[in-house]
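Commentary on secondary and tertiary structure
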Amino acid sequence: MSRNTWIWGTAIFVLLISFPPQWYPEPVRLQLAAWFGADAYRALPESAQPSAVKSEIACPEDVLGWREAQEIAGVQIRRSLNCVADDPYAVAAFVRGTNNIPQSVLMRSGLTQDAIVKGRDLDNDGDPDEIHIRLEVVELNGASPDTDNLTTQYAIAPGIKPGLWVFVPKMTGMATKNFESLQARSLLRLPSPVIRIEQGDHVFITLENSHYMPHTIHFHGVDHPFQDADGEGNDGVPLTSEVPVMPGQARTYDLQPRQAGTMFYHCHVQSHVHVMMGLQGLFIVEENRPNNWLQTLNIGAGQVRYPSVSVKENYDREYDLHYQDIDRDLNNRIQKTNDPRLVTKSLHRDYNITTASSEYFTLNGKSFPYTFRESLVIVKPNETIKLRIVNGGSSGIALHTHGHKATVTHRDGVPVQPNTGIVRDVFWIAPAQRLDVKLETTNDGLHSYGEGVWLLHDHQGKGVTTNGIGPGGNISAIVYESYLKDNGWPRTFGVSWDPYFSAAYYRKEVPVWQSYAENLSSEVTFDGWLILRLLGLGVAAGTIAALLILQFQGRRS
């Protein structure tokens, strides 16, 4: 017997004995069983021990007392029942204006004295009508020349830190919490702040471009002239109205909206990129009322702690809800380099939005479970709640309210006719579309089913995941105060949430049900026999392939 024949025989023999029987086609398995008898019972592999999960604290302690109702600089700030609240000193500055508050309040707010300047009362009704807002652009989770770590870090969920650009109010001091931290301070976050003004106000918005990219602001749906009084572009669109605001430069936009409603604003430079990077926010024009001091900015959206006069006339509470999705392939390009030339090439020439897909889905700049810290819609029975909703993402969302059916009162800032206000529990919201929704908590089996912790989420499957892992995404809830703990965390009666507050869970390292269905969902122990079979199969297949190649080459020569 020749050497090649022996090798051929050995390789085929190893191939046959290594091939896992369960891989044979069913007719072959049945014939083999008829010839040699059925295989003996093979027990399933043992379950591995449950993974050790290191979880974050679900609800951080409110050490600064930001959640409490308080009066600051004459501003009565409502209590925040959510676990994590916004800075009440910043709220006071946004209401009175940074030029009208004591220096001690200004310093604690972290804003510059010209960040929100409130001037004359033009219609003599007791509130300022000249408003000057100054915004900057900040990069979050970007590359740094000084460290391999991301800088100005902002997490949307445990361990999830996509690259972002956001508009922020003009601030003093550092971008991080302190000299030893890389964490962004509370004013620097996704989404860009909600802007609130009054119908008829003369508003100046200055973009001081502190970023390395050119930017503009386009006021989407907001009444504004195409050019200002000096003939300068006023629409924020480089294609038609103006050259973008270059790094280190500034431009002031001039507007005096005549119609109230829930609008939108965003950068319009390479808008398919800049908008999705996070340069977008709600722009709300409130109805004109006497003595109507407004919370000009709402950082991070969520609860409005100082509602307008017109809202208080008709509603018990008000919430701003900003939905957005994030494509890692786009956003994380700024984490590879901080060279503006390379970033520009990567975003504007290498990135192709027509092949894009989103992995992260946020509500008010957070994904589940962080949404439960600060973006719960907290209510009591027999209340009427105003929800202002914008879809800032790249695809539509089907927003579903568990336990409630609500009514759309406005679309894109325009009131719907009273007889067309359909009561429903799923609302379709297209990209850039805004809805004003009236949520009533009367327990009548229609508007509300009663008290509880009722989910609020996009009913498309991907919207409730984070990089394909669920639960995640934009899941939040309508929570009744009777189901809320003192620290702002809801009382739930289901599974343990510990895995969801672990970065390992969203790295796909933790079986989803291991804490309460261990044998069903645990990892499988190492199957050594199967590995040996596969190794033998690989060696035999490789040997046969090599022999075939040698034989073919021999015939050609």
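Being a predicted model, the structure only gives us computed values, none of them experimental.

Examining the pattern of salt bridges
All chains considered together, the criterion is met by 28 salt bridges. With a shortest N-O distance of 3.9 Å, Glu-359 and Arg-328 are connected by a salt bridge. Of this pair, Glu-359 sits in the loop between α8 (340-350) and β15 (360-363) while Arg-328 sits in helix α7 (residues 328-331), and the two are 31 residues apart along the sequence. For Glu-359, a relative accessible area of 15% puts it in the buried group. Here Lys-345 ties to Asp-350 by a salt bridge, and the two come within 3.2 Å at their closest N and O atoms. When its relative accessible area of 34% is taken as the criterion, Lys-345 is described as partly exposed. One salt-bridge network, in which partners are shared between bridges, spans Arg-196, Glu-286, Glu-318, Asp-320, Lys-386, Arg-388 and Asp-436.

So, the environment of Asn-443
For Asn-443, the position within the fold is in the loop between β23 (434-440) and β24 (453-458). In this structure Asn-443 comes out as exposed when scored by relative accessible area, which is 53%. For the pair Asn-443 and Pro-381, spaced 62 residues apart in sequence, the C-alpha separation works out to 7.2 Å. If we skip the residues at most four places from it in the chain, Asn-443 touches Ser-448, Tyr-449 and Gly-450. In terms of polar contacts, Asn-443 uses its side chain to reach the backbone amide nitrogen of Gly-450, at 3.5 Å.

Digging into the environment of Ala-184
With respect to the helices, strands and loops of the structure, Ala-184 is situated in the loop between β5 (164-169) and β6 (194-198). Between the C-alpha atoms of Ala-184 and Val-243, which are 59 residues apart in sequence, the distance is 31 Å.

A look at helix α2 (residues 26-36)
Here α2 lies mainly on the outside; zero of its eleven residues are buried. Looking one or two residues beyond α2, the residue adopting positive phi is Gly-37, at roughly 90°.

What about the side chain of Arg-196?
If you trace the backbone, Arg-196 turns up in strand β6. A polar contact of 3.1 Å, which involves the side chain of Arg-196, links it to the side chain of Glu-286. Of note is the side chain of Arg-196, whose polar atom sits 2.7 Å from the side chain of Glu-318. Filtering out sequence-adjacent residues up to four positions away, Arg-196 remains in contact with Ile-284, Glu-286, Leu-294, Gln-295, Thr-296, Asn-298, Val-304, Glu-318, Asp-320 and Arg-388.

Some points on the sheet that holds strand β11 (residues 280-286)
Paired through their backbone hydrogen bonds, the strands of a sheet run either parallel or antiparallel. Taken in spatial order, the five strands line up as β8-β10-β11-β6-β12 in an open sheet, and their pairing is mixed. A strand with exactly one partner marks an edge of an open sheet, and here the two such strands are β8 (218-220) and β12 (297-298).

Remarks on a nonpolar patch on the surface
Taken together, the side chains of Val-495, Val-512, Trp-513, Tyr-516 and Leu-520 define a hydrophobic patch exposed on the protein surface, amounting to about 460 Å² of accessible area. Locating Trp-513 in the fold gives a position in the loop between α10 (503-506) and α11 (518-521).

Focus on the environment of Asn-291
Looking at the element boundaries, Asn-291 is found in the loop between β11 and β12. Taking C-alpha positions, Asn-291 is 89 Å from Leu-32, a pair spaced 259 residues apart along the chain. With sequence-adjacent residues up to four places away left out, Asn-291 is seen in contact with Asp-125, Gly-126, Asp-127 and Val-309.

So, the pairing of strand β7 (residues 202-208)
The element β7 is extensively covered by neighbouring structure, given that five of its seven residues are classed as buried. Where strand β4 (residues 130-140) and β7 come together, six bridges link them in parallel fashion. What sits directly across from Arg-134, in β7, is Thr-206. Taken together, the six bridges between β7 and strand β9 (residues 250-255) define a ladder with antiparallel strand orientation.

Re the sheet that holds strand β18 (residues 397-401)
Spatial ordering of the open sheet is given by β16-β25-β24-β18-β22, a layout of five strands whose pairing is mixed. Every other strand in the sheet has two partners, leaving β16 (377-379) and β22 (426-429) as the edge strands with one partner each. Averaged over neighbouring strand pairs, the angle between their axes works out to 15° when direction is ignored. By the bridge criterion, three bridges tie β18 to β24 in an arrangement that is antiparallel. Note on β24: the bridge partner recorded for Leu-399 is Asp-458.

The rules behind these values
Residues numbered from 1 in each chain as written. Predicted model: local features only at pLDDT ≥ 70, side-chain atom pairs only at ≥ 80, totals over all residues. Heavy atoms only, no water. Salt bridge = Lys/Arg side-chain N within 4 Å of Asp/Glu carboxyl O. Helix = DSSP H or I, 4+ residues; strand = E, 2+ residues; numbered from the N terminus. Buried < 20%, exposed > 50% of the residue type's maximum accessible area, 1.4 Å probe, protein only. Contact = heavy atoms within 4.5 Å. Polar contact = N/O pair within 3.5 Å; in protein donor to acceptor, adjacent residues only side chain to side chain. Pairing = 2+ DSSP bridges. Patch = residues over 30% accessible without salt bridge, like charges linked within 9 Å, V, L, I, M, F, W, Y side chains within 5 Å. Areas by Shrake-Rupley, 256 points an atom, 1.4 Å probe, with all protein chains shown as cover. Axes fitted to C-alpha atoms, helices over the stretch in contact; angles between N-to-C directions.

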